[in-house]
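Each chain, written out:
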Amino acid sequence: MTAENDIRSLLPSSCIVTIPDVEAHVQAATPRWSDSGLSHPYAVATPSSEADIIAIIAYTRTNKLKIIPANGGHGSYVPVNGGTIYLDMSSFKDVVLNETEEEVTIGGGCVTSEVLNQLTPKGWYTALPNSNAVGVIGAFIGGLSHSLNGKHGLGIDVVKSIRIIPFSSTEPLDIGPNSQGQEKELFNVLCGAGHGLGIITSVTLQAFPISNLSLTDNKIWTRRLIFPAPQISAAARLYTSFWPPHPKLVSVLIFLRAPPSAPRPGAPMIMLALSYFGPAEAAEKVTAKSFDEEFTSKAIVNMTVPIEWEKANDGSAPLNAHGGFKEYFSCYCKETSLGSIERTFGAWEKFTSKDLLGRGTSYVVIGSWSTEQMVAKGGQKDEKFFVARDRGIFVQCVPWYKDIGVKADADAFGNEVIDMLREQDRARGTKDWCFVNNIREGIDVGEIYTDEQIESIRAVKGIWDEEALGWNPVVEGW
Ligand SMILES: Cc1cc2nc3c(=O)[nH]c(=O)nc-3n(C[C@H](O)[C@H](O)[C@H](O)COP(=O)(O)OP(=O)(O)OC[C@H]3O[C@@H](n4cnc5c(N)ncnc54)[C@H](O)[C@@H]3O)c2cc1C
């Protein structure tokens, strides 16, 4: 019996099952952000109910396969291959706001924009990734970093409950901070190290009224300065002048090349993006330096733009394009230096200039936020699985290329960037940490979790995924 007959006849008719055409492009059946680590899965199954998910888990077990739930498809580190049932969660899109309880329940197949578009017209927000196409659950199980880390802590700090079908169970489980014993341990691990333990059908997060932020005209205050390459030093000086950022300020430095529509397509640029989640008057005080002639005279673009809440992520849309090879190089720093930032820019410029069409979309993002709330939310003994609460500088470097032959060069570039930005921390003996949501194949998991956490993840996986149907970077790896 072929795989196609087998799986289609054994799963409920309410499940849509597709067997990939191995002659077609790998993205045809599994549209994902990156081609890295991606080959044709055994089958793509789209369940329409929890009962369907339970049937698919049973099929996976009987046939000794692995099951990868997929949501936004941005996890370029997740192995998908001929032994994988690719579980398309796109039927789980419910977003239910409970204003009385100040919470929102988000379906296991929602991407950021779907939640944003439901909450904003009602005047509410919650912790959401800063990219519209990223899956909310995919981000949550790695901590969920968001624009208001400085005010509320991480997404895992505002979670009220999780509904999951663990791989070792035949029914859904509702768990939360008040769960006990093994269920509490499962809940804790799902908060930051939650890969491959089961299928999460929903997460309930705290919700907040937008009006609490006292925004001017109900809009987010944003300011953008774009500098040409020779002004990297001024751009870096301005960016670092906001350290440590005010709790309501997010400042991000981005290295990117001008789009085809620009006057000088492909020109290297440095963008400083400032977002303040409060009244415009306060924003202008906090970011006063960005109005100084010393900096504005060096920028080719210098503008203050209030933006509607639901458009908060529109600026990062080009980074969501599917296809090509992209891998994450990430780190959290306590400190870094102006010199390191300038040299990082030089490395990015050199890497991209070798073949503008083939790798010119590669980018580097250096973001910063206040760590006060993140540290406070961790408490005396942090039970959750996020190690970098006291690190206010985050780096995401993404080499993005069309030809797999570039990989060695791309890896050298990514590692060089991370090594340069970590120089200051390493000189002071500060431990290397990176972001689990931004890992890549083969990374040392000692950069994501402590030894004690690794032991707990293994123990919890042994209980809730006894037969190793799921994939977790610590346990299954690559
Ligand atoms: C441009 C860009 C911006 C980003 N911004 C942010 C950000 O602001 N904050 C942040 O925290 N991260 C951010 N990320 C990283 C992102 O959170 C991770 O890549 C995450 O893994 C993506 O989740 P996904 O659902 O899109 O991907 P997928 O590959 O579909 O899923 C990622 C992982 O989550 C698992 N998973 C997905 N859905 C479920 C489910 N229902 N039940 C159980 N497991 C599930 C998958 O099996 C996989 O292991 C960003 C990435 C990019 C490229």
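Residues numbered from 1 in each chain as written. Predicted model: local features only at pLDDT ≥ 70, side-chain atom pairs only at ≥ 80, totals over all residues. Heavy atoms only, no water.

Filter applied, for reference: UniProt positions are given in the numbering used here, feature names are shortened, and annotations may be inferred rather than shown by experiment.
Within an unreviewed UniProt entry, the label attached to the protein chain reads FAD-binding domain-containing protein, and the organism entered is Amniculicola lignicola CBS 123094. Under the Sequence similarities (unreviewed entry) heading, UniProt states for the protein chain: "Belongs to the oxygen-dependent FAD-linked oxidoreductase family."

Some details on the overall build of the protein chain
In plain terms, the rule: Per the convention used, a helix needs a DSSP run of H or I reaching at least four residues, while a strand needs a run of E reaching at least two, with both numbered from the N terminus. With C-alpha atoms as the basis for the radius of gyration, the globule rule is written as 2.2 Å multiplied by the number of residues raised to the power 0.38. Relative accessible area decides the class of each residue, using a 1.4 Å probe on protein chains only: under 20% of the type maximum gives buried, over 50% gives exposed, and in between gives partly exposed.
The helix and strand tally for the protein chain stands at 15 helices and 20 strands. Computed over C-alpha atoms, the radius of gyration of the protein chain comes to 22 Å, within 12% of the 23 Å expected from 2.2 N^0.38 for 478 residues, which places it in the range of a compact globule. Oriented by its inertia axes, the alpha-carbon framework of the protein chain measures out at about 70 × 55 × 45 Å. Expressed as a percentage of its 478 residues, the buried residues of the protein chain come to 58%.

Quick word on the pairing of strand β12 (residues 219-228)
So the rule is basically this: Two strands make a pair as long as DSSP finds a minimum of two bridges between them.
The element β12 is largely enclosed, with a buried count of seven among its ten residues. Strand direction decides the pairing type here: β12 and strand β15 (residues 301-308), joined by eight bridges, are antiparallel. Among the inter-strand pairings, L225 is bridged to a residue of β15, identified as N302. Where β12 meets strand β14 (residues 268-276), eight bridges bridge the pair, whose relative direction is antiparallel. Residue pairing for β14: T222 is matched across the bridge by S275.

Some thoughts on the domain arrangement of the protein chain
Our working rule: What counts as a domain boundary in this text is fixed by an automatic or database domain assignment. Should any heavy atoms of two residues lie within 4.5 Å, those residues are counted as being in contact. In short, buried area is how much 1.4 Å probe accessible area vanishes from two parts on joining, totalled over both. The working definition used for a salt bridge is a side-chain nitrogen of Lys or Arg within 4 Å of a carboxyl oxygen of Asp or Glu. Classes in brief: Ala, Val, Leu, Ile, Met, Phe, Trp, Tyr, Cys and Pro nonpolar; Asp, Glu, Lys and Arg charged; the others, Gly included, polar.
Assigned domains of the protein chain: these are domain 1 (3-88), domain 2 (95-211 + 451-465) and domain 3 (214-441). A straight line from the C-alpha centre of domain 2 to that of domain 3 covers 25 Å. Opposite the 41 residues of domain 2 that make contact, domain 3 presents 27 residues. When the two sides are added together, the surface that domain 2 and domain 3 hide from each other amounts to roughly 2900 Å², 56% of it contributed by carbon and sulfur. Its largest share of buried area at the contact with domain 3, domain 2 owes to G150, I210 and Q453, together 17% of the area lost on that side. Counting every contact that joins domain 2 to domain 3 gives two salt bridges. K184 serves as the salt-bridge partner of E383, at 2.8 Å between the closest nitrogen and oxygen. Within the residue set of the side of domain 2 that touches domain 3, elements represented by two or more residues are α4 (112-119), α5 (136-140), α6 (149-152), α7 (181-193) and α15 (451-464). A per-element tally of the side of domain 2 that touches domain 3 places α7 first, with seven residues. Tallied by class, residues from the side of domain 2 that touches domain 3 come to 16 nonpolar, 21 polar and four charged.

Quick look at the side chain of K326
Selection rule: Whenever two N or O atoms come within 3.5 Å, that pair is a polar contact, provided that in protein one can donate a hydrogen and the other can accept it, and provided that, for residues adjacent in sequence, both atoms are side-chain atoms.
Looking at the element boundaries, K326 is found in strand β16 (residues 325-326). There is a polar contact of 2.6 Å between the side chain of K326 and the backbone oxygen of A321. At 2.9 Å, the side chain of K326 forms a polar contact with the backbone oxygen of G323. If near-sequence neighbours (up to four positions away) are discounted, K326 is found in contact with W33, S34, S36, S76, A321, V398, P399 and W400.

As for the nonpolar core
Our working definition: Within this scheme, the nonpolar core is defined by two criteria: the residues are buried Ala, Val, Leu, Ile, Met, Phe, Trp, Tyr or Cys, and they are joined through side-chain atoms within 4.5 Å.
F140, I162, L186, W309 and Y449 are the most contacted members of the largest nonpolar core, which has 89 residues in total. With six residues, α7 is the single largest residue contributor to this core. By size, the runner-up hydrophobic cluster in this structure holds 44 residues, among which are I232, A234, F325 and C331.

Some points on the site of the ligand
The line we're drawing: The cutoff for a nearby residue is simple: one of its non-hydrogen atoms must lie within 4 Å of the molecule or strand. To be clear on the numbers: accessible area is Shrake-Rupley with a 1.4 Å probe, and residue cover counts the displayed protein chains and nothing else.
Surrounding the ligand, one finds 36 residues, the nearest of these being P69, N71, Y77, N130 and S145. Taking N71, its main chain carries an N or O atom lying 2.7 Å from an oxygen atom of the ligand. Here the ligand, which alone exposes 950 Å², has 97% of that area covered by the protein.

Details of the packing of aromatic side chains
Formally: Any Phe, Tyr or Trp ring, taking Trp's six-membered ring, that has another such ring centre within 6.5 Å forms a pair; planes under 30 degrees apart are called stacked, those over 60 apart edge-to-face, and the others tilted. A positively charged side chain is recorded as over a ring if its NZ (Lys) or CZ (Arg) lies within 6 Å of the ring centre. The angle to the ring normal must also be within 35 degrees.
One pass over the full model with this rule turns up 19 aromatic pairs. With a centroid separation of 6.4 Å and 45 degrees between ring planes, the pair formed by Y42 and Y59 is classed as tilted. With a gap of 17 residues between them, Y42 in the loop between α2 (26-29) and β2 (43-46) and Y59 in helix α3 (residues 50-62) connect regions that are remote in the sequence. Directly above the ring of W400 sits K326, whose terminal nitrogen or CZ lies 4.4 Å from the centroid. Here the basic side chain of K431 rests over the ring of W433, its NZ or CZ set 4.3 Å away from the ring centre.

Describing the sheet that holds strand β6 (residues 103-107)
What counts here: Inter-axis angles, ranging from 0 to 180 degrees, are taken between N-to-C directions of lines fitted to C-alpha atoms, where helices are fitted over the stretch in contact.
One open sheet accounts for five strands, arranged β5-β6-β10-β8-β9; its pairing is antiparallel. The open sheet has two edge strands, β5 (95-98) and β9 (173-175), and neither has a second partner. Strand-to-strand twist across the sheet, computed as the mean angle between neighbouring axes with direction ignored, equals 15 degrees. Across three bridges, the pairing between strand β8 (residues 159-166) and β9 is antiparallel. By the bridge assignment for β9, I162 is matched with I175. Sheet strands touched by α4: β5 and β6. Its angle to β5, the strand with the most contacts, is close to 40 degrees. Here α7 sits on the sheet in contact with β8, β9 and β10 (198-206), set at roughly 105 degrees to β8.

Topic: the sheet that holds β14
Spatially, seven strands are ordered β15-β12-β14-β13-β18-β19-β17 in an open sheet, and the strand pairing comes out antiparallel. The open sheet has two edge strands with one neighbour each: β15 and β17 (329-333). On average, each strand axis in the sheet is tilted by 15 degrees relative to the strand beside it, whichever way the strands run. Of the pairings in the sheet, the one linking strand β13 (residues 249-257) to β14 comprises nine bridges and is antiparallel in character. Bridging from a neighbouring strand, L253 pairs with L272 of β14. Of the strands in this sheet, β12, β13, β14, β18 (363-368) and β19 (393-398) are in contact with helix α8 (residues 232-240), which crosses β13 at around 160 degrees.

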